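The lines below spell out each chain.
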Amino acid sequence: MGKSQKKRSMRRHNPMRVPDSHLPKGLESAASSSPKNEAVLPIIQKLENPDASERKWACVAVSNLIQNDPSTRRLLQGKNVVGALITRLSDSEEEVWIEAAGALRNLCIDGGYDICAEMYNKNILAPLKSFVPKISSALSQFLESPKTAPENAQRVVYEFTENVNTILWCLSETSNKALNAINQINLVPFLMSFLAAREKLPIATVTAAAQCLYVLTDDNQPAIDELRSNAAYSTCLLKIVHDEGGVTDKDKEVFWDRMTMLKVLSSGILSNVSPLPPPSAASGADIGKEIVLPLLQPVVASVSLTESSALAESLVVKLALEPPQIEKLSLKSAPKSDHRSDTEVELDRLENKLRTVQLALEILTGVCATLPDPDPISEVQEGEPDAEDEDNDAEIEEDVTDGMALDDIPIANDTTTASHLPALVEPLITLIQPVRLSFPPAAGQSSHPPTTSVLSAIHVSALECLNNIFLSLGASPSSGLAAAPASGKHIWDSVWAALGGVGTEITRGQERKQEMWEIGVGVLWGVGNIWKGSLVPNEDQVQLLIQLCNSSTDPAIRVKCIGTLECLAQHPQSIDANRVIATHLLSILPTSTAPSTYGTEPLIQTLSALIDIYSDENLPYDVNFRQGNFVQRLVDSVDGVRKAVRAIDRRKERDLKRRGEEMRDNLIAFIKYRRALRF
């Protein structure tokens, strides 16, 4: 049903950094909106040039052309830049394949799923696999005998390694097929070697390895088993999490920004693989309570999105006064692909700080998901009929059945973790509020797409975390929470303020706005469940929820809207609002002549809502049930409900079938109960 917790991120931890969804589909629109259209073809041609210096120049030029420019990226993609760069990974000249890896890495993190899938389909793993032993050999040599290679040569290898690990990380999130192929490379020992040698390596190289390891251990059993099998690995990760050592880096502030990211990633890896078996130092520990929450709570509270947005805007204005990188391109003086002006470095640093917050939120979202998955029920053999009450029409009589079971399904939960969740709420409430750069303009591009990408990702991740928190708290009812209606109203109003900042006008390229509404309604439902009966319904909010319920085609969104409306309808003194909500809920039910058009899951949730709202005939708003003759409307729906439940395939949707049968029986019992009251 819609009341579900998000435990993982569907294999995409790094949202598309420079989205192109605001552009119409096809190459023509990209060509018309790209200021570098004429530079694309010469660069593609130079990638095949016999002169190695020109091939290297072309690889570097790709990185510079695509920077914050989705139109040019799409044009290059249409000219098979991915295939050409993958070919260059096997180039005879070392400098060429090093720069090709850098360009592919930038395409991965900027372009997202489509480009990563194209890379996998064009067999990028073949050259990448060959690099792993070479990198391991070079790393061992550098660590054992640092003076055998010049510092510049070591730096090149470390930067190349960072690019390779970043590509592997992005590919791991692309599809299960790509993940399974990467599992065959057995990367865990390779990646852990960087974390183990972290004090002798550049922090950026170590962090890229940790990021790849974090993704690989996310719901991926082969990597989880590999990491659990070696106690030294968990010991290493614990040392990173607790590292408060001295800093030798020349820029202490930048180092600690990156060190914070490494510590967050390490806590995420530990969370992914927990519980750890003996003889690990963390075996038996509550990773979430003892490691993740204490480390990440200060991280999510450490940033002001308003100040971050303002800083990004000022830096963008400053950057616009600097000469564009493309004008610096020349065969005689090819810029390095990692070249950044001071302003660009500052923008990158700001983005990395925000990415650390987003990552912390993602990990916390999993830790806050204390509800277990639904218990499986016994399989029904193919061809075995469901136990339906085909001939039970006569059950709707005047007699009353005792012990009517309503929709309260007890759920086991981690009460220890749940007790630590309320402290997270206030910083999360702050992080869901939109700021100036949170979303791109209508059908346009943000003034700095990477900042907008990460800001909107933070909003969404914070909402997901709040969703899990309130579902977990709702499953372990606390009289202290329910008895503090002022807190409930503050949280409720804050979520609505965030959604008000998002607005209802959503155009192409603003998909994150829609995502915020969809998750935000789930948060409202969770809040409403805890403070049910004390939240005073607001007419505009009720109408917005009804409109979203009617306009959405996603059953899960409709379920969330219905659940939230149910909570609002139970404010005892709000008789008019109760009538408006009940009228909407009754319109979802089937009639004696037509099925429900809302889908089976929303129908089941509606039945649950109506029974819950009107289970106490002594409440002031119950007058609506009696005066509106709601009981007859429920009677008219019984046959349609039976048919809808009968149509659920138990083999494919066991939990839904179970809930459907329960609500069908509850409906019949409820009708008997209300008829027996005789008023």
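Up top is the structure these notes are about.
This structure is a prediction, so every number in the text was calculated from the model and none was measured.

Asks: Describe the overall build of the chain, naming the residues involved and giving the relevant values.
Replies: When its secondary structure is counted, the chain shows 31 helices and 0 strands. For the chain, with 679 residues in total, the buried portion stands at 54%. The long-range share in the chain, meaning contacts at least 24 apart out of those at least 6 apart in sequence, stands at 81%. Total accessible area computed for the chain in this model is approximately 29,300 Å², and 51% of it derives from carbon and sulfur atoms.

Asks: Could you give an account of the environment of Leu548, with specific residues and numbers?
Replies: Mapping Leu548 onto the fold places it in helix H25 (residues 539-551). As a C-alpha pair, Leu548 and Val521 span 27 residues in sequence and 9.6 Å in three-dimensional space. Sequence-distant contacts of Leu548, defined by excluding residues within four places in its chain, comprise Trp517, Val521, Ile557 and Cys561.

Asks: Tell me about the side chain of Thr217, and please be specific about residues and values.
Replies: As for its position among the elements, Thr217 is in the loop between helix H12 (203-216) and helix H13 (221-228). On the basis of relative accessible area, Thr217 is assigned to the buried category, the value being 0%. Polar side-chain contacts of Thr217 include one of 3.1 Å to the side chain of Asn272. Sequence-distant contacts of Thr217, that is, excluding residues within four places in its chain, are made with Ala223, Ile224, Leu227, Ile269, Asn272 and Val273.

Asks: Quick rundown of the packing of aromatic side chains? Include the residues and the values.
Replies: With the rule as written, the count across this model stands at 13 aromatic pairs. Relative to Phe160, the ring of Trp97 lies with its centre 5.1 Å away and its plane at 65 degrees, an arrangement referred to as edge-to-face. Placement of Trp97 in helix H6 (residues 94-111) and of Phe160 in helix H9 (residues 151-172) is noted, with a sequence separation of 63 residues between them. Of the residues examined, Trp97 reaches a relative accessible area of 16% and is grouped as buried. Overall, the relative accessible area of 5% leaves Phe160 in the buried class. Members of the aromatic cluster, each reached through a chain of ring pairs, are Tyr614, Tyr621, Phe625, Phe630 and Phe670. Residue placement shows Lys46 over the ring face of Trp57; its charged tip is 5.5 Å from the ring centre.

Asks: Could you give me a rundown of H6, with the residues and numbers involved?
Replies: For H6, which comprises 18 residues, the first-to-last C-alpha distance of 26 Å matches the rise-based estimate of 26 Å (1.5 Å per residue) to within 8%. Of all 18 residues that make up H6, 15 are buried, and the element is covered over most of its length. Gly112 sits one or two positions beyond H6 and adopts a positive phi of about 80 degrees.

Asks: Account for the pattern of salt bridges, with residues named and values stated.
Replies: Under the defined criterion, the tally for this structure stands at 22 salt bridges. The shortest N-O distance in the salt bridge between Glu566 and Lys532 comes to 3.6 Å. Here Glu566 is found in helix H26 (residues 555-569), whereas its partner Lys532 is found in the loop between helix H24 (511-530) and H25, with 34 residues between them in sequence. Residue Asp639 pairs with Arg642 through a salt bridge whose shortest N-O separation is 3.6 Å. With a gap of 3 residues between them, Asp639 and Arg642 both fall in helix H30 (residues 630-646), about one helical turn apart.

Asks: Now, about the nonpolar core: what can you tell me, with residues and values included?
Replies: One finds Leu85, Met119, Leu171, Leu195 and Phe470 to be the most contacted residues of the largest nonpolar core, which totals 197 residues. When near neighbours in sequence (up to four residues on either side) are disregarded, Leu171 contacts Cys116, Met119, Tyr120, Ile124, Leu125, Leu128, Ala178 and Ile182.

Rules and cut-offs
- Residues numbered from 1 in each chain as written.
- Predicted model: local features only at pLDDT ≥ 70, side-chain atom pairs only at ≥ 80, totals over all residues.
- Heavy atoms only, no water.
- Helix = DSSP H or I, 4+ residues; strand = E, 2+ residues; numbered from the N terminus.
- Buried < 20%, exposed > 50% of the residue type's maximum accessible area, 1.4 Å probe, protein only.
- Contact = heavy atoms within 4.5 Å.
- Areas by Shrake-Rupley, 256 points an atom, 1.4 Å probe, with all protein chains shown as cover.
- Polar contact = N/O pair within 3.5 Å; in protein donor to acceptor, adjacent residues only side chain to side chain.
- Phe/Tyr/Trp six-rings, centres within 6.5 Å; stacked < 30°, edge-to-face > 60°.
- Lys NZ or Arg CZ within 6 Å of the ring centre and 35° of its normal.
- Expected span 1.5 Å × (residues − 1).
- Salt bridge = Lys/Arg side-chain N within 4 Å of Asp/Glu carboxyl O.
- Core = buried A, V, L, I, M, F, W, Y, C linked by side-chain atoms within 4.5 Å.

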